[in-house]
Amino acid sequence: MRLPRPAALGLLSLLLLLLPAPEAAKKPTPCQRCRGLVDKFNQGLVDTAKKNFGGGNTAWEEKTLSKYESSEIRLLEILEGLCESSDFECNQMLEAQEEHLEAWWLQLKNEYPDLFEWFCVKTLKLCCSPGTYGPDCLACQGGSQRPCSGNGHCSGDGSRQGDGSCRCHVGYQGPLCTDCMDGYFSSLRNETHSVCTACDESCKTCSGPTNRDCGECEVGWVLDEGACVDVDECAAETPPCSAAQFCKNANGSYTCEECDSSCVGCTGEGPGNCKECIPGYAKEHGQCADVDECSLAEKACVRKNENCYNTPGSYVCVCPDGFEETEDACVPPAEAEATEESPTQLPAHEDL
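Residues numbered from 1 in each chain as written. Predicted model: local features only at pLDDT ≥ 70, side-chain atom pairs only at ≥ 80, totals over all residues. Heavy atoms only, no water.

The protein chain carries the name protein disulfide-isomerase in an unreviewed UniProt entry, which gives Macaca nemestrina as its organism. In the Catalytic activity (unreviewed entry) part of its UniProt record, the protein chain is described as follows: "Catalyzes the rearrangement of -S-S- bonds in proteins." Quoted straight from UniProt, the Sequence similarities (unreviewed entry) entry for the protein chain says "Belongs to the CRELD family." (UniProt positions renumbered as here; feature names shortened; annotations may be inferred.)

Below you can see the structure in the form of structure tokens.
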């Protein structure tokens, strides 16, 4: 049954509503919106840096109307370019805070040259200075100059959010990110800096960069004469791969690769490494090659007039075009026609 067009469209709309909605894009925080506004303002300063009033007599205009670089006209040009017309939140913030920006531009920018610090941190209290976090802009773990010892990220850094704890970079751990994780060793440690460097790949723990500095070998390596060396899993008494695969050793591991399609078991890649060949193939010059059954002394296709065609690993028997196929022969067209046209011989009747 076909639904009427309006009913079908209504059903489609209902199905679309029932589908799980894609995850909404994460909204920017008030601090991020403020920082974005300041970034656009600073870009506006760059874009208008070489402009003037544009009236033709720049010297007179700057003497009479004040310099363009600090004029309200320049401020207006910058403000007009801060928000896209469709960006409601940006326009809302600009409308609410335009007087603050104007006051900074006309009276305070010489005293507070960092607009972000004055506008977002001190005036609106939406952000914190770098290295501080939370409602009271407290110093991050490790201090505001080098939070987390320079080896991690402070939760809430530069915002009025977070708890100031450290999320360490790869290789580091501890409350201040000064300790090394397993797989890393301390290559520099003093009162102000801690540097962790990766161990050799064979080490789970180490005190230096080589495989002789391992405290414990990583899985897939074993200690041999003071150094961690790779275990060749492929040389194990019980092979780790199936009968239709061959083993390739790798540092600390191994992979199982499929044998060539012509092999029954193999020791490596390609038809030259087969242990035995599948039916229809035979060893030739050291590798499994297709047997051409059609060229053997013993005929593969035994019916009269039949053609033999070799295929990979096998062969097919086919009658020539126009020949009629019977159980024991391929009958030529002339013979087939003659058979059809010959009347059936009836037995002679005896005279009564």
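Next comes the rest of the description.
> Just checking my understanding: could you explain the overall build of the protein chain for this structure?
Counting secondary structure elements, the protein chain contains seven helices and 22 strands. Relative to its 352 residues, the protein chain shows a buried fraction of 28%. Taking the contacts inside the protein chain whose residues are at least 6 apart along the sequence as the reference set, 27% of them involve residues at least 24 apart. Accessible area of the protein chain: about 24,000 Å², with a carbon and sulfur share of 52%. (Helix = DSSP H or I, 4+ residues; strand = E, 2+ residues; numbered from the N terminus. Buried < 20%, exposed > 50% of the residue type's maximum accessible area, 1.4 Å probe, protein only. Contact = heavy atoms within 4.5 Å. Areas by Shrake-Rupley, 256 points an atom, 1.4 Å probe, with all protein chains shown as cover.)

> Would you mind showing me how to read the nonpolar core here?
Most often, soluble globular proteins have nonpolar side chains that are buried together. Of all hydrophobic cores here, the largest spans 24 residues; its most connected members are Phe41, Leu82, Leu115 and Phe119. Once residues lying within four places of it in the same chain are set aside, the contact partners of Phe119 are Cys34, Leu37, Val38, Gln97, His100, Leu101 and Leu124. Counting nine residues, the second largest nonpolar core, distinct from the first, contains Tyr133, Tyr172, Cys180 and Cys196. (Core = buried A, V, L, I, M, F, W, Y, C linked by side-chain atoms within 4.5 Å.)

> Teacher, can you tell me more about a nonpolar patch on the surface here?
A cluster of nonpolar side chains, contributed by Tyr309, Val316 and Val318, occupies part of the molecular surface with about 250 Å² of accessible area. If you trace the backbone, Val318 turns up in strand E20 (residues 314–318). Residue class for Val318 comes out partly exposed when judged on its relative accessible area of 37%. (Patch = residues over 30% accessible without salt bridge, like charges linked within 9 Å, V, L, I, M, F, W, Y side chains within 5 Å. Salt bridge = Lys/Arg side-chain N within 4 Å of Asp/Glu carboxyl O.)

> When you look at helix H6 (residues 115–123) in this model, what are you seeing that I'm missing?
For an α-helix the count is 3.6 residues per turn, leaving residues at separations of three or four pointing the same way. Within H6, seven of the nine residues are buried, which leaves the element mostly enclosed by the surrounding structure. In the core, the buried residues of H6 are packed alongside helix H2 (30–47) and helix H5 (88–108). For H6, the N-terminal capping position is held by Asp114, with its side-chain oxygen 3.1 Å away from the main-chain nitrogen of Phe116. Positive phi appears at Lys125, one or two residues downstream of H6, with a value of about 55 degrees. (Polar contact = N/O pair within 3.5 Å; in protein donor to acceptor, adjacent residues only side chain to side chain.)

> Sorry if this is basic, but what is going on with a negative patch on the surface here?
On the surface, Glu72, Glu95, Glu98, Glu99 and Glu102 cluster together into a patch of negative charge. The dominant element in the negative patch, judged by the number of residues it contributes, is H5, at four residues. On the accessibility criterion, Glu98 (34% relative accessible area) is partly exposed. (Lys, Arg positive; Asp, Glu negative; His and termini not counted. Charge placed at Lys NZ, Arg CZ, Asp CG, Glu CD.)

> Help me out: how do you make sense of unusual backbone geometry in this one?
In terms of backbone geometry, most residues other than glycine have negative phi values and most peptide bonds are trans. Look at Cys148: it is not a glycine, yet its phi comes out positive at around 55 degrees. Among the secondary structure elements, Cys148 is positioned in the loop between strand E2 (138–139) and strand E3 (152–154). For Cys148, a relative accessible area of 0% corresponds to the buried category. For Glu225, which is not a glycine, the phi torsion comes out positive at approximately 55 degrees.

> So what exactly am I meant to see when it comes to the environment of Asn211 here?
Following the sequence through the fold, Asn211 ends up in the loop between strand E9 (203–206) and strand E10 (214–217). Separated by 18 residues in sequence, Asn211 and Val229 have C-alpha atoms that sit 7.7 Å apart. Excluding residues within four positions of it along the chain, Asn211 makes contact with Asp200, Ser202, Cys203, Gly226, Ala227 and Cys228.

> Would you take a moment to explain the packing of H2 against H6 for this structure?
Viewed as axis vectors pointing N to C, H2 and H6 meet at an angle of 155 degrees, and their least axial separation amounts to 10 Å. Viewed along their axes, H2 and H6 adopt a mutual orientation that is roughly antiparallel. Judged by the sense of rotation from one axis to the other, the crossing of H2 with H6 is right-handed. Where H2 approaches H6, its residues Cys34, Arg35, Leu37, Val38 and Phe41 are matched on the opposing element by Leu115, Phe116, Phe119 and Cys120. Residue composition of the contact of H2 with H6, by class: eight nonpolar, no polar and one charged. (Axes fitted to C-alpha atoms, helices over the stretch in contact; angles between N-to-C directions. Parallel < 35°, antiparallel > 145°, perpendicular 65-115°, else oblique. Left-handed = near helix turned anticlockwise from the far one by under 90°. Nonpolar A, V, L, I, M, F, W, Y, C, P; charged D, E, K, R; others polar.)

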